[in-house]
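One-letter residues, chain by chain:
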Amino acid sequence: MGDVLPAAVLELCVLVGVPREKVKEVYQASQKKDAKSFPSFEPEVLSVFVPPFISKQELETTHINSNTFNKAKRRSFRKKKEKNRIENTRILNGGGQKAPETEDITIPKDVDLNGLPQLCFPGGFHITGESREDQFHFLVFTDVFGNRTYGVVAQYYQPMQEGHISNGQVYWDAVQASRAAPFFLPFAICVISRYPYFNSLKDCLSCLLVHLKPYKDLDVDDHIKEFAAKLSLIPSPPPGPLHLVFNMKPLQVIFPSREDPDSPVIDLDLHLPFLCFKPEQVLQIITCILTERKIVFFSSNWALLTLISECFMQYLHPIQWQHTFVPILSRQMLDFVMAPTSFLMGCHIDHFEEVCKEADDLILINIDNGDIAQSKVSEEESEIPDIPLQAGRIFITRVENLPLHYELELCHLASCTDLGEIQLRKRKWQQRLNSEIQQITLQLIVNIFREVKDHLNYEHRVFNSEEFMKTRQVGDQPFYRKVLETYMFHSFLKARLNRKMDAFARLELTTQTEENRLSSMLDSPRRLTMEKMVTKRFNPQYMISKRMGMSLPNLQDIGPMNGPARNSSLRRVNTKHNLKLVSKQVSTFKIPEIHFPLVGQCVLSYYIDFINHLSRAINIVSPDNSVLLARYFYLRGLICLMQGRLLNALSDFQNLYKTDIRIFPTDLVRKTVEALPASDRSQADQKPELKRLISLVLDKQREITKVDDHVKNFELPKTHMQLADFVKRIQESGIVKDIDTIHRLFDALTVGQQKQIDPETFKDFYNYWKETEAEAQDVNLPPAVIEHLDKNECVYKLSSSVKTNKGVGKIAMTQKRLFLLTEGGRPGYEDITTFRDIEEVKSTTVAFLLLRIPTLKIKSTSKKEVFEANLKSECDLWHLMVKEMWAGKKMADDHKDPQYIQQALTNVLLMDAVVGALQSSKIIYAASKLSYFDKMKYEVPMMVPKTTAETLKHKINPSAGETFPQAVEVLLYTPGELDPAERHGDAHPKLWCALSDGKVVVFDASTWSIQHCFKVGSSKLKCMVMAEQSQVWIGSQDSIIYLINTHSMSCNKQLNDHRSEVVDIIVENRDNMSSEAYSCSLDGTVIAWNISTLKVNRRFQLACETLTAIRFHNNRLWCCIGSCILVVTTTGIIRQKVKIEDIARDLPLSLLCFQLFLETDQIWASCLGSSELYIWNATDLSAPSQKITLQDCLEITCMMKVKNQLWVGGKGLSQGKIKGKIYVIDSETKKVEKELVGHIDGVKALCSAENRYVLSGSGKEEGKIAIWKVG
């Protein structure tokens, strides 16, 4: 288990120096020769302190069986190995002061003890004639797999004097009278940890040095061992807002946690680079890292080398440096800079000239004076490109406003007299500053790579780098050209294609503009909106060619670099994507004292105290504070494991699983289960919750599948394509995803030839499409024209200059209208018509001299005059395009579905590309194959029934961007919050939509734009309910209830008590306060939950084959069990039965769903596969039911009560075709008031929005949501 248990704060501790006896001997010999300088020595490892520090015998006597947890198979270090080099080394652990010759000592496999001394004294080992101040620096070790281990080194000096200890006091011998002057020996203590606790371990070592100063080296071992033992007993805190505090005396040391499981530990001052470099230079260094250059930092301060390097690593999060990372090179390691691959290293400023001569193409960064330069540049490398201009401007603006100087924060505060208070005040300031810097740097990364997702095909895992580059500004292209070739970017692409919800994805989603949200929903071709066109016109990056960044000087030009003059306009840069920094609340937990001497009983006492402290904290914390509660469960489970109390640990991990699944240690729990003795396993199997947990983690182990992480760059095909391959290639290209549209495109491109497409035809089509797209980006309309258009309108097509009855000009097509861009002295705007107003479109010819000129005529309902344009050779194409847009707009209006007009636009642009790519006399016929809506107008009835048209308000598509539409399984509406200022989330109401395979799409119900999209499990979702203001519960076919936090939109908790698919969840409200939730599963299990604590209040089992729905009324549960409806108490006692008496049928009816109208004493129900409704009188349930047959209904699938109406969804006949139908029935008259036909496929889900609107979701043939007005 040792290789699975989360590492403690300390991995090992090493004392480095030179033995006194050796120094004394050499020094005396040199004195005899009258040497005037100290002889040189090579430092060596004097002692190694490796946990565990308790012997096996002591563990056995105190009944702490930790053998299971301390069998880590790491590289061993024996005393007898390389005896000539390390004969003076003492290895101290639980076996006593001296390890047996044959005992293996476990050393982290990425720590080289032979190379460690030179890193502890990177500048050399120097004996001095006077004592020097203690100094610290930091190390980073990387193994072959890229895993990092961190070291904190404290150097201190001791006098070369003899002494003795008496009664705990140290007495130094007087310096003997001789020519010899006193001298001081340097020693180094290196603490190595799996975590980058730079500040915390520095504090710990500072406390240790206070105690070590009086002792000579033979006597410090006990103190260092005691120190190391303490740190080895401190666990690393779990991810989240709980930091651990340990009293190291005299300091209270805080060990911070990582923010979330994917984030790194931040325990350093992230503002240090901004004290050493200008913001422009920070951007240059970030560019060097992102382009994977060979980078060397220089400084006279060894500590700064690692801290500055680590800061830049954090600035890139979640992008990770993939190459060699050695922030400190000792003088013996300088040849490392000759490495042929990318690296980031650091060395002393004294070696600057030497390193410059060692290798070409080095980026040389002087931390001390803020200079950045390059060594000799080879042909392969060029100067560092500038970071994208707009992203850089926003970064600089925000950095300039950072409060970088702590002293300025103290000016107005009283002087603090308490050391602990001083520490706490500085730490809080640093945490706030670190958080703001993390937000600024993350926003920089998001602004640089935000639009990468627009060129990804998730299904085929393709990135179209060529098209992405075409969308970059000319000045930004050198940067992207370099970055796109790097390993870092390749890993970044993998994470995007895997839809990883990391820090980048979260910020990108929350800062997405409303326009981008809507365009992603409608999947429209990329074009500039009028709003963006205006922004583009007045954006400096389009008006000037001067770049913001500075080019790097050649080596001979090194000197201070002056950035561009800071212009006040920088502070007015549009930073609308800036996030308001939310101060995160952080709690601390104080670790109990560790008493010494270090014996088994003391360790046992420490574990008991730790568990008691955690138990008290668990009892005190509010059940609503699940974040803290989860961290306490995690820590208590961990300490129980250290004790060997495996069952207690599993119980805590079970509670953790229910409280916050994000930090659940699956591997650790699985290993614990596998290590359970037979007796413990038997006990665990007798506890249902533990048995379920064991089954869960073992099943997950079996279900692990290899993640597909390949990434392809889009390439044009080189062989002929049949239909299936053509579909794949077009989807990869990003032109269109819809398969039906691609099939029509295939027909168009293969008119008059074999049903296959050759590479040249594909290339011509693809290039024409992309060229047209690029040309559209360059369209720059004058302000006099833009003011006539809506801000979200885009110009999709421009004709050649033609003669019209409104003058000479170019016909422009947007998604809304046609207008003439008149030519002459000043371009002007002449309105032609909106597509909604078109009455007739004709392609004809007019006589001109002896010629007949093809002419397009458009008649509009809003204008008396018919528009005429002599389009000549373009006439037939424009005729097709205008008719398609007209038909698409009519269908969009009739069906209240804006996606139709976007689909028509795609068809029109595909027609244009087909005509542009094909060299054939049949090009117009070929293009007509893409005329979808215009043909539908003639082939099928387009008329929407009047009642439907009046009631339907809007339609939205939750499957936007997917290759196939997905069925809408469940819908849930949640109202907006009244006071958004007091909440983490916004105040808008939301629509939650569950699709297939666990996917959930959340819409902003005020704009109907997609706000969030995430997955919970991989099974069909069956029900959703808002349990409380900040929590939505989702029941799944996999028998799990997923709890979604409505602020973070993440699933942190799961309820696993059901054994079959969860089919319904209801919430009982008491005095407008949610108190209990009831969930039921298909096997008849009903569970009552305490919503605050998530504990099971009651559970019972109904004797039935299937349970499909439950309702709550008057302290009774109404349960639909297939053959009947049972009325039971909240404890499961049956009080009444409601049965269907229908003897005319051969097979028994199975009830599917029901609704209670108890205000009118009615119960309404429907049966599986039936088109009939059954109504009972609630005052006399024994009386026969009344039956209503719905006209033209084939099947009822769902029903919902809205005011005094019953809305029933299902399938039915309309105009001779099977479509989704909704019947609105008055509960009093029992008559159908409305029949609504708004879906192509059957209605699968219904929900109500505040009784003002009803929302319906359809099956997978259509996969859309309709919003209906309640009459």
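Keep in mind that what you see is a predicted model, and the values were worked out from it rather than measured. (Residues numbered from 1 in each chain as written. Predicted model: local features only at pLDDT ≥ 70, side-chain atom pairs only at ≥ 80, totals over all residues. Heavy atoms only, no water.)

Q: Looking at this structure, how should I read the overall build of the protein?
A: Within the protein one finds 35 helices and 56 strands. With an accessible surface of roughly 56,700 Å², the protein has 49% of that area assigned to carbon and sulfur atoms. (Helix = DSSP H or I, 4+ residues; strand = E, 2+ residues; numbered from the N terminus. Areas by Shrake-Rupley, 256 points an atom, 1.4 Å probe, with all protein chains shown as cover.)

Q: Before we go on, may I ask you to explain helix H31 (residues 875-895) in this structure?
A: Since the α-helix packs 3.6 residues into each turn, any two residues three or four apart lie on the same face. A rise of 1.5 Å per residue sets the reference length of H31, with its 21 residues, at 30 Å; its end C-alpha atoms lie 30 Å apart and thus fit the reference within 8%. Counting buried residues in H31 gives 17 out of 21 residues, a clear majority hidden from the surface. Lys896 occupies a position one or two residues after H31 and carries a positive phi of about 55°. (Expected span 1.5 Å × (residues − 1). Buried < 20%, exposed > 50% of the residue type's maximum accessible area, 1.4 Å probe, protein only.)

Q: Would you explain the pattern of salt bridges in this entry?
A: Two side chains carrying opposite charge are able to pair once their charged atoms lie near each other. Scanning the entire structure with this criterion turns up 43 salt bridges. One salt-bridge network, held together by shared partners, links Lys453, Asp454 and Glu508. (Salt bridge = Lys/Arg side-chain N within 4 Å of Asp/Glu carboxyl O.)

Q: Is there a simple way to think about a nonpolar patch on the surface in this case?
A: Among the surface-exposed residues, Leu1194, Leu1213 and Ile1218 lie close enough to one another that they form a single nonpolar patch of about 260 Å² accessible area. Note that Leu1213 resides in strand S51 (residues 1205-1214). What makes Leu1213 partly exposed here is its relative accessible area of 35%. (Patch = residues over 30% accessible without salt bridge, like charges linked within 9 Å, V, L, I, M, F, W, Y side chains within 5 Å.)

Q: Quick question: what am I supposed to make of the sheet that holds strand S16 (residues 362-366) here?
A: What links the strands of a sheet is backbone hydrogen bonding, and the strands pair in either a parallel or an antiparallel sense. If you trace the 5 strands from one edge of the open sheet to the other, you get S14-S15-S13-S16-S17, paired in mixed fashion. Unpaired on one side and paired on the other, strand S14 (324-326) and strand S17 (371-374) mark the two borders of the sheet. Adjacent strand axes in the sheet meet at a mean angle of 20° when their direction is disregarded. Sheet analysis places strand S13 (residues 294-299) next to strand S15 (residues 343-348), joined by 6 bridges and oriented parallel. From the neighbouring strand, Lys294 faces S15, where its bridge partner is Phe343. (Pairing = 2+ DSSP bridges. Axes fitted to C-alpha atoms, helices over the stretch in contact; angles between N-to-C directions.)

Q: Explain the confidence of the model for the protein here, please?
A: In low-pLDDT regions, the fine details of the predicted coordinates are not to be read closely. For the protein, the average pLDDT comes to 83, and 84% of its residues sit at 70 or higher. Across residues 174-179 the pLDDT falls below 50, and counting only partners more than four positions away or on other chains, this stretch makes 3 contacts in the model. Note that residues 540-579 has pLDDT below 50 and, in this model, 92 contacts with residues that lie over four places away or in other chains. (pLDDT = per-residue confidence, 0-100. Contact = heavy atoms within 4.5 Å.)

Q: I tried to follow the nonpolar core on my own but got confused; where do I start?
A: Burial of nonpolar side chains together is a common tendency in soluble globular proteins. Core analysis: the biggest nonpolar cluster contains 206 residues, and Ile189, Leu231, Phe255, Ile289, Phe297 and Phe449 have the highest contact counts within it. The dominant element in this core, judged by the number of residues it contributes, is helix H22 (residues 626-643), at 12 residues. In this structure, Phe255 is in contact with Val9, Tyr197, Ser200, Leu201, Cys204, Leu231, Ile234, Pro237, His243, Leu244 and Phe246, ignoring residues within four places of it in sequence. With 66 residues, the next largest nonpolar core counts Phe714, Met813, Leu877 and Leu930 among its residues. (Core = buried A, V, L, I, M, F, W, Y, C linked by side-chain atoms within 4.5 Å.)

Q: What am I meant to see in the packing of helix H27 (residues 723-733) against helix H29 (residues 759-777) here?
A: Helix-helix packing is described using two parameters, namely the angle between the two axes and the distance between the axes. It is at 12 Å that the axes of H27 and H29 come closest, and there the two elements cross at 25°. Looking at the two axes, H27 sits roughly parallel to H29. Every pair of crossing elements has a handedness; the one defined by H27 and H29 is right-handed. For the pair H27 and H29, the contacting residues are Phe726, Arg729, Ile730 and Ser733 in the first and Phe762, Phe765, Tyr766 and Lys770 in the second. Grouping the constituent residues of the contact of H27 with H29 by class yields 5 nonpolar, 1 polar and 2 charged. (Parallel < 35°, antiparallel > 145°, perpendicular 65-115°, else oblique. Left-handed = near helix turned anticlockwise from the far one by under 90°. Nonpolar A, V, L, I, M, F, W, Y, C, P; charged D, E, K, R; others polar.)

Q: Please clarify how the packing of aromatic side chains should be interpreted in this entry.
A: Geometrically, a pair of aromatic rings is defined through the distance of the ring centres and the angle of the planes. Scanning the model with the defined rule gives 36 aromatic pairs in all. On the basis of an interplanar angle of 45° and a centroid distance of 5.2 Å, the ring pair of Phe449 and Phe492 is categorised as tilted. Placement of Phe449 in helix H13 (residues 419-449) and of Phe492 in helix H16 (residues 487-497) is noted, with a sequence separation of 43 residues between them. On the numbers, 4.9 Å between centres and 85° between planes, the contact of Phe492 with Phe504 is edge-to-face. Of this pair, Phe492 sits in helix H16 while Phe504 is found in helix H17 (residues 503-510), placing the two residues 12 residues apart along the sequence. We classify Phe492 as buried; its relative accessible area is 4%. A relative accessible area of 5% means that Phe504 is categorised as buried. Among the aromatic residues, those joined into a ring-pair cluster are Phe449, Phe463, Phe468, Phe479, Tyr480, Phe489, Phe492 and Phe504. (Phe/Tyr/Trp six-rings, centres within 6.5 Å; stacked < 30°, edge-to-face > 60°.)

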